[in-house]
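Residue strings, one per chain:
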Amino acid sequence: MNFHEIRFPASLSFGSIGGPERRTDIVTLANGHEERNTPWAHARRRYDAGLGLRSLDDIEVLIAFFEARQGQIYGFRWKDWSDFKSARPTAEIDFRDQLIATGDGVTTRFQLARTYRSGTVGYQRPISKPVAGTLRLGLGQEELQEDIDFTLDSTTGEVTLSHPPEQGIELVAGFEFDVPVRFDTDRIATSVASFQAGDVPDVPVVEVRV
């Protein structure tokens, strides 16, 4: 698909509003009970990039970025400041942050993922845009070395190990990641007068599947 491996300026995404959305189909039965289903296996995230603009120079940067992506044509990376790493927001990344898979003695290629837990329920989100240079990978309690024990494709989020993990050995990882997104509009309306008065443009951004 059309995607540019470039991150939207992090200084502009800071302060934006957004987060995950789900799609749920609800049918109310004759007895008053509900049937709830979803066609989406994974959430889709939406953001408003306009809220991060703080100066006229920021608007110039935004327009340049928008024009280079040709509006909605090309996707790009987005840093979600509320959810951008495998650890808690106040913690440092550790190679034991996330359980990625359990070895079977054969498989050498694995998809990075982040698991969200509440009580006994968990949801595993595939991570397709890890930030290069931030990945720490381990087998059990032993940390591995990149380019020696494994390689990372930062455009897909896949790691390839030089040797398959033994049966039952846990593959764990810690990393930072971006969200693959595109602009959700082909038009940006800005006014110097309105911006100086405190009115920022509406710049919707939506997650894409890659």
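For the structure, see preceding data.
In what follows, the accompanying structure is described. (Residues numbered from 1 in each chain as written. Predicted model: local features only at pLDDT ≥ 70, side-chain atom pairs only at ≥ 80, totals over all residues. Heavy atoms only, no water.)

1. Overview of the pattern of salt bridges
Between side chains of opposite charge, pairing is possible as soon as their charged atoms come close. Counting across every chain of the model gives 13 salt bridges. Arg77 is paired through a salt bridge with Glu5; the nearest N and O atoms lie 2.9 Å apart. In this pair, Arg77 sits in strand β6 (residues 75-78) while Glu5 sits in strand β1 (residues 3-7), placing the two residues 72 residues apart along the sequence. Given a relative accessible area of 41%, Glu5 falls into the partly exposed group. For Arg46, the salt bridge identified is with Glu21, shortest N-O distance 2.9 Å. (Salt bridge = Lys/Arg side-chain N within 4 Å of Asp/Glu carboxyl O. Helix = DSSP H or I, 4+ residues; strand = E, 2+ residues; numbered from the N terminus. Buried < 20%, exposed > 50% of the residue type's maximum accessible area, 1.4 Å probe, protein only.)

2. Re the sheet that holds strand β2 (residues 17-21)
The sheet built from six strands is open, its strands ordered β1-β6-β16-β17-β5-β2 with mixed pairing. The outermost strands of the open sheet, each flanked by one partner alone, are β1 and β2. Strand-to-strand twist in this sheet, taken as the mean axis angle between neighbours without regard to direction, amounts to 30°. In this structure, strand β5 (residues 44-48) lies alongside strand β17 (residues 204-207), joined through three bridges in antiparallel fashion. Its bridge partner lying in β17, Asp48 is registered against Pro204. (Pairing = 2+ DSSP bridges. Axes fitted to C-alpha atoms, helices over the stretch in contact; angles between N-to-C directions.)

3. Topic: the layout of surface pockets
In this model, the largest pocket occupies a volume close to 290 Å³. Lining the largest pocket are 19 residues, with Pro126, Ser128, Glu207, Arg209 and Val210 positioned closest to its centre. Mapped by element, the contributors of at least two residues to the lining of the largest pocket are β10 (121-126) and β16 (179-183). A breakdown of the residues in the lining of the largest pocket according to their chemical character gives nine nonpolar, five polar and five charged. (1 Å grid on protein atoms, 1.4 Å probe; cavity = no way out; pocket = protein on both sides within 12 Å on 5 of 7 lines; lining within 4 Å. Points joined across faces, edges and corners; volume = space filled by probe spheres on them. Nonpolar A, V, L, I, M, F, W, Y, C, P; charged D, E, K, R; others polar.)

4. Considerations on the environment of Phe183
Mapping Phe183 onto the fold places it in strand β16. On the accessibility criterion, Phe183 (0% relative accessible area) is buried. Phe183 sits 111 residues away from Gln72 along the chain, and the two C-alpha atoms are 5.0 Å apart. Ignoring any residue separated from it by four or fewer positions in sequence, one finds Phe183 in contact with Phe8, Leu62, Phe65, Phe66, Arg69, Gly71, Gln72, Phe76, Val203, Pro204 and Val205. (Contact = heavy atoms within 4.5 Å.)

Interpretation in functional terms is not warranted from these geometric data alone.
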